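# Coordinate inspection notes
Here is what each chain is made of, one letter per residue.
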Amino acid sequence: MDTLDEKANGGPSMEIDEIVSVRNHEAFAAKHMPDLGQDIKDFQVFTWRLENWKKLDKKLTSQEFECGGHKWCARSSRILLFPFGNSNAPPNDTVSVYLDYAEPKKAPEGWHACAQFALVISNIHDPTVFTVSHAHHRFIAEECDWGFTRFSELRKLFNVQEGQPRPTIENESADISVFVRVLEDPTGVLWHNFVNYDSKKETGFVGLKNQGATCYMNSLLQSLFCTRYFRKAVYQIPTEDDLPTESVSLALQRVFYHLQTSDQPVGTTELTKSFGWKSLDSFLQHDVQEFNRVLQDKLESKMKGTIAEGAIAKLFVGKMKSYIKCVNVEYESSRTEEFNDIQLNVKGMRNLYESFKDYVAVENMDGENKYQAEGFGLQDAKKGIIFESFPPVLHLQLKRFEYDIQRDAMVKINDRHEFPFEIDLGEFLDANADRSKPWKYRLTGVLVHSGDLHGGHYFALIKPDRDTRWLKFDDDRVTPVTDKEVLEENYGGEPLNGLPPTAQRNQVRAMKRFTNAYMLVYIRESAMDEVLAPFTEEDTPPHLKRRLDEERLQSEAKKREREEQHLFLTAKVITDETFSRHEGFDLATFDEKNWPPSDLPSFRVLKQETYSVFKSRVAQHFNYPENQIRLWVLVNRQNKTVRPDTAIPENEPTLTVEVIRNNMAARQNDLRLYLDVVTDPSKPESPPQSIMVFLKHFDTSKQNLLGAGKVYMPRTSKVGDLVPIINERMRWTPGTPVKLYEEIKPGMIELMKPKLSFAQSEIQDGDVICFQVDLPEKEIHDLESQGLHSNPIHFYDFIQNRVMIIFRPKYEDSDHDHPEFSLILSKKQNYDTMSIKAGEYLRHDPIKLRFTTTHANNGNAKSVLKRSLNQSIAEIMAPYYTTSAVILYEKLDVSIVELETKRSLKVIWTGIHNKEEGTFPFLLPKTSSVYELAENLAKQVTLTPSGTGKIRIFEISRDGKTQKEFTGSEMIGNIPDPVDLYAEEIPREELEADDADKVIGVFHFSRELTRTHGIPFKFVVKRGEKFSDTKKRLQARLGVSDKDIAKYRFALIQGSTFKQPSYIEDDDTIYEHQFAPEDVLGLDHIDKSGRSKAGVAEKAIVIRG
């Protein structure tokens, strides 16, 4: 039997204060077996008397007993007892007791039973003297026994314990009782350990992999996937010519197709790449509502002009009306707006119905708050919101996150808030709404957040259609759930499961109070058949199916290749053509840590393939007759070079590729070969007593070193005999003087003596000799004065120390004027050389280039390089442990020498109309004041002819709502870096405002206060002015058209109370509001600025693809 050291997941053995007899079964179970919130299928008690305890066997098994009805009749449970402790337990005199599933091998495949049980040892004369422990467990074939290895110490059982009249084991006799409740498991996954769990098999659905913190995205994607009308619409977007990492539409189609067809969890990396997200973005949790809106906006734009156009609006868009209606006269002021979702209050609301009632609650405007109705004067009126229509798919956002003024922070609202499976929304509709069909909605999705404001986990509960049960989509796992798990467990608040405090210590149950619904998906009953219509083969685009089926076949082929990899090896072949392109040591680069390997023709070869078959394949690949090629094996020499060593014998028919690799090319994973082309097969393979020497040419004019083929030379011939051969091969004038160098190893390149023989020079097969034209001293001097290499020794040193620096523009996206490029430099070179070469590439004065190092892990800016230090490239690259580094560059208008005493700043100019008109760079002494900065800006911008001529320079507050104005006296050198500076022309109206006027802050937002955008500004509010007139002045201040201003909503935002926006009507007089310093006016309109701030501490969601 497989026993566990600690099998109890219930409480430890304990003494009981309120004594209940073991023989009072119902009362005893009620006291010692807490309610786990599951329905009980059967309850049985079995008692087993043991006598002569000290003479008992070490392992005892009781007779079988039945519990659980028909399911247990042939495979009962039994008690398994170790009266002197389990031998696997520590050597302490303990009793081990387990509940064991009887004859598990005879049970049907895949069987399981969920049981809660208490194991009791009691006195046979007094059943109120006992020791008890309880647990619960999912019994399966792999875990068919569960209980307590250290149930109790024997000495405690044999001796009278405090508060008890007699010992538990008396006269070596005791009763062993087991109380068993077999529980219903309606989902099939109660207490499942999910080892080898198959979501597809159990539910028909698969999950989505979590990239780090993308569970919020996964929960929404699964909800949208199950909204079949939406899935069909996404499939209708034309994507035949798109790339998945650049097209959101195609990437989402691919995710949906994989969710349809895969039997494994689906990845979303391709999708997030199409958003333009970097890996770091996948570790940032975002607001699901914002993500949903941004994604739908992107898809809606992609659907324009296609058969899918309008699908998103048809599914998700409803209409609501804001109104003020007079009580005593026939007058109403109203405006209708579209909505994609509804945000409902949770705090103070018991349920969804109350939240809707709160949303449409009517405010009475009477007494001092009467409404100024046009043509009727002051009137009693009712102000509120009413719905004109709800969309077929209704997304309800429950406002679980709110600002807490006491804590001065956002907090999560975990209050209990109930929602039903069905709701009739008819009463919240305008009297004139279309009621030809009922406005009854069914719950089909619950998106859940578990955790607090600073983090947590998201998952989705979804009912995919009328007939499918509720399922939990928790990242890569999909499981069935009960109705209670959908509703009760996600209402929030304290758990209402009646558990005693001891059971509530269980961590899972304690967390329930932090687990609650934050988004609900309801579908209109009359639209369900259309929205959730069965998905057919024809609904999937043929090009998508074809493309993904091909990829699947390729993936399966690669998988097979990986699985069979141990049967194969890779042969890499150097040819004269690859050698002629090779610039580096040896004939090719293989394992050099400073440079990537050479791109060589490679063959995947069965290890047992014979050499003759392999050679035939090679000959066919390179289009040579078999008898015209020989293959040489390259070996790793002791001096760490890799050179051809031996030609493979042609006369051994049984010779296999693996034997060649093992015996002729020791210490290599791959087989490295040189293809030797024999020009005349009828002649001997090579002249007798000759050696094969490889030649490289160092070209001083091109500053490169490339292969120049090979020659066979007699061992006894002189090294100088190569000169005429080289002149002929290079087509140089006969007699051209040539210098010869031997490439012995990296760091050892030696000038050769032409009068010595090859044998005397210790040249052997595969050695490399480098040559160059012998230059006059003047040419050598000229080359070296330009920083160029005059001989191969210097050039080899450069190769040995070469690294690649990738240059990227620091602030701009790469374009023609600010390209991304790379330079190969030596680690021994310095900053000055780097700046000169970068300047040559960019055609920009090197002294006007500024460079910034980057963090190796994410490429973000690190620190500006100081020219005065003139560091070596090795020092600049110090944090990088690779052969390349990323350096950011700026093209400056001034020398970087000047920058040491000056401050470079950029100011965004917003003019008189609060619009970004341009960005102006400045380089001013660090001692300059902000006032002087404004004077310099005034010379570059166009001010209003009749304006004040005065400029305000400011920053924007972190929340995007207010300006942080400079006084003008601050020194620009003291302004923290980095900084975003803005400037505007101060309007005459503000400058001439008198004591009776109020100057307030104004900011832009879109629907939610946290979704700020644009640039905040200041505005004058005048005494007694109706807002209809205030609005005209605002329109003039902003310079927007009548059409655009009609789409704006205006709200008073009170900073001290942090209430929801109080929207302003034309007849309001906002001057009468007692403005606190932090109170501002909010302009609610669509963000066209591209400067969304989306929350105080949250990065805005951007989807680019």
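Quantities reported herein were computed from a predicted structural model and do not represent experimental measurements.

Definitions and cut-offs
- Residues numbered from 1 in each chain as written.
- Predicted model: local features only at pLDDT ≥ 70, side-chain atom pairs only at ≥ 80, totals over all residues.
- Heavy atoms only, no water.
- Phe/Tyr/Trp six-rings, centres within 6.5 Å; stacked < 30°, edge-to-face > 60°.
- Helix = DSSP H or I, 4+ residues; strand = E, 2+ residues; numbered from the N terminus.
- Buried < 20%, exposed > 50% of the residue type's maximum accessible area, 1.4 Å probe, protein only.
- Lys NZ or Arg CZ within 6 Å of the ring centre and 35° of its normal.
- Pairing = 2+ DSSP bridges.
- Core = buried A, V, L, I, M, F, W, Y, C linked by side-chain atoms within 4.5 Å.
- Contact = heavy atoms within 4.5 Å.
- Axes fitted to C-alpha atoms, helices over the stretch in contact; angles between N-to-C directions.
- Parallel < 35°, antiparallel > 145°, perpendicular 65-115°, else oblique.
- Left-handed = near helix turned anticlockwise from the far one by under 90°.
- Nonpolar A, V, L, I, M, F, W, Y, C, P; charged D, E, K, R; others polar.
- pLDDT = per-residue confidence, 0-100.

Here we take up the packing of aromatic side chains. Scanning the entire structure with this criterion turns up 44 aromatic pairs. On the basis of an interplanar angle of 75 degrees and a centroid distance of 5.6 Å, the ring pair of F339 and F387 is categorised as edge-to-face. Taken together, the residues F339 in strand 10 (residues 332-339) and F387 in strand 15 (residues 381-389) connect sequence positions 48 residues apart. Each member of the pair, F339 as well as F387, carries the same accessibility label: buried. Ring pairs connect the aromatic residues F339, Y353, F356, Y359, F387, F390, F428, W439 and Y441, which therefore count as one cluster. For the cation-ring pair, R524 lies above W439, with the distance from its terminal atom to the ring centre recorded as 3.5 Å. Positioned above the aromatic ring of Y1071 is the side chain of K998, whose terminal nitrogen or guanidinium carbon lies 4.5 Å from the ring centre.

In summary, the side chains of a regular strand alternate between the two faces of the sheet. Extensive coverage of strand 24 (residues 515-524) is indicated by the burial of ten of its ten residues. With five bridges joining them, strand 16 (residues 393-399) and strand 24 adopt antiparallel strand pairing. Its bridge partner being in strand 24, L394 is matched across the sheet by Y522. Where strand 20 (residues 440-452) lies against strand 24, nine bridges are found, and the strand directions are antiparallel.

The next subject is the nonpolar core. Counting 55 residues, the largest nonpolar core has F230, F256, L299 and M303 as its most contacted members. In this structure, F256 is in contact with L221, L224, F225, F230, R231, V234 and Y235, ignoring residues within four places of it in sequence.

Now for the side chain of S761. Secondary-structure assignment places S761 in the loop between strand 33 (748-751) and strand 34 (768-773). Its relative accessible area of 17% is what places S761 among the buried residues. The contact partners of S761, leaving out residues within four places of it in the chain, are V719, E742, M752 and L756.

The subject of this paragraph is the packing of helix 5 (residues 228-235) against helix 6 (residues 248-261). It is the contact of helix 5 with helix 6, at a shortest axis distance of 9 Å, that shows an interaxial angle of 130 degrees. Comparing the axis directions of helix 5 and helix 6 gives the class oblique. Seen along the crossing, helix 5 lies across helix 6 with a hand that is left-handed. Side by side, helix 5 and helix 6 meet where F230, R231, V234 and Y235 of the first sit next to S249, L252, Q253, F256, Y257 and Q260 of the second. Partitioning the contact of helix 5 with helix 6 into residue classes produces six nonpolar, three polar and one charged.

Its identity as a non-glycine residue notwithstanding, Q703 has a phi of 55 degrees, on the positive side. The backbone of N870 sits at a positive phi, close to 45 degrees, despite the residue not being glycine. Assessed through its relative accessible area of 29%, N870 is described here as partly exposed.

Moving on to the packing of helix 6 against helix 8 (residues 288-303). Here helix 6 crosses helix 8 at 110 degrees, and the two axes come no closer than 10 Å. One element, helix 6, and the other, helix 8, form an angle in the roughly perpendicular class. Counted together, V248, S249 and L252 of helix 6 and L295, K298, L299 and K302 of helix 8 form the full contact between these two elements. Classifying every residue of the contact of helix 6 with helix 8 by side-chain character gives four nonpolar, one polar and two charged.

Before going further, it helps to examine the confidence of the model for the chain. Scored by pLDDT, the chain comes out at a mean of 84, with 89% of its residues at no less than 70. Confidence over residues 85-91 falls short of pLDDT 50; this stretch has eleven contacts with residues more than four positions distant or in other chains. In the predicted structure, residues 1090-1099 sits below a pLDDT of 50 and forms 33 contacts with residues beyond four places in sequence or in another chain.

It is worth spelling out the environment of K347 at this point. Within the element layout of this structure, K347 appears in the loop between strand 11 (341-345) and helix 10 (352-359). Assessed through its relative accessible area of 46%, K347 is described here as partly exposed. C-alpha of K347 to C-alpha of K399: the two residues are 52 residues apart in sequence and 8.1 Å apart in space. Those residues within four positions of K347 in sequence are excluded, and the remaining contacts are E402, I413 and D415.

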